[in-house]
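Report on the structure
In case you want the letters, here they are:
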Amino acid sequence: MSKELTKRQIEVYEYLKREMRVTGVMPSSRDIQEFFGFASQTAAMNHLRALEKKGVIQRIPGKARAVALVEELDREEIVDIPVYGSIAAGMAQDTQEEQEGCLSIDIRSLGIPRNARTFALKVRGDSMIDAHICNGDTVVLEFREPRRGDVVAALIDGETTLKSYVIENGKPFLRAENEMFPDLIPARELIIQGVMVALLRNAA
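The rules behind the values
- Residues numbered from 1 in each chain as written.
- Predicted model: local features only at pLDDT ≥ 70, side-chain atom pairs only at ≥ 80, totals over all residues.
- Heavy atoms only, no water.
- Phe/Tyr/Trp six-rings, centres within 6.5 Å; stacked < 30°, edge-to-face > 60°.
- Helix = DSSP H or I, 4+ residues; strand = E, 2+ residues; numbered from the N terminus.
- Polar contact = N/O pair within 3.5 Å; in protein donor to acceptor, adjacent residues only side chain to side chain.
- pLDDT = per-residue confidence, 0-100.
- Contact = heavy atoms within 4.5 Å.
- Core = buried A, V, L, I, M, F, W, Y, C linked by side-chain atoms within 4.5 Å.
- Buried < 20%, exposed > 50% of the residue type's maximum accessible area, 1.4 Å probe, protein only.
- Pairing = 2+ DSSP bridges.

**Section: the packing of aromatic side chains**
Applying the stated criterion across every chain, the model contains six aromatic pairs. Put simply, the rings of Tyr15, Phe35, Phe36 and Phe38 touch in pairs and so form one group of aromatic residues.

Spelled out as structure tokens, the structure:
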């Protein structure tokens, strides 16, 4: 981009980007004029036209402050999902929820609603291999009520695990997708922490 824009155009573009991220509002042509000390709003408008012509902003006619950054439009469906450590796909075990960074994911390609409350966990163990969830994979989960058959991250009697959510005779419990592992029937409590909505394969 820097090879295509003049030094002043880069400055105007960086100003637009910074103000949009800090305030959430796109600066007006008068704001641009005052910030850079231009003699008139026409000079500010000329810079906006040049930036639009070079493809780094889009303007919507007839609307005030209707300037969008093209690079942000390209990222419109990209969201950052927090990663909260790992979860056992094996026997339930204690865990602490500590954020370990974020995943930037194209939610449209995964079919996840933009307003979904999501988080991610690394999978440890192989109790879910028959559901094609393997050790080292990352599961993306949504905070919502589970349906029968959903894969869930659950707190069962104080310990966390990743299993299928099953209801039989009106009673919910957890089932592994590996015949080597037993069903997990809660003695005291079963709290669903999230429902799996996407699986990211470990490429290693």
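So, next bit.
**As for the side chain of Asp150**
For Asp150, the position within the fold is in the loop between strand E6 (138-142) and strand E7 (151-156). Polar contacts involving the side chain of Asp150 include one to the main-chain amide nitrogen of Arg147, which spans 2.7 Å.

**Notes on the confidence of the model for the protein**
When pLDDT is averaged along the protein, the result is 82; 78% of the residues meet or exceed 70. Here helix H4 (residues 70-74) stands out as the least confident element of the protein, with mean pLDDT 62; strand E9 (residues 171-175) is the most confident, with 95. Overall, residues 93-98 carries pLDDT values under 50, and its contacts beyond four positions in sequence, including any with other chains, amount to 12 contacts.

**Observations regarding the nonpolar core**
Among the nonpolar cores identified, the biggest contains 16 residues, and Val12, Leu16, Ile32, Leu51 and Ile57 are the most heavily contacted of them. Of all the secondary-structure elements, those providing two or more residues to this core are helix H1 (7-23), helix H2 (29-36), helix H3 (41-53) and strand E2 (67-69). Per-element accounting of this core gives the leading share, four residues, to H1. Once residues lying within four places of it in the same chain are set aside, the contact partners of Leu51 are Leu5, Gln9, Val12, Tyr13, Leu16, Val56 and Ile57.

**A short note on the pairing of strand E10 (residues 190-200)**
In the sheet, E6 pairs with E10 via five bridges, with the strands oriented antiparallel. Across the sheet, the residue bridging to Leu141 is Met196, located in E10.

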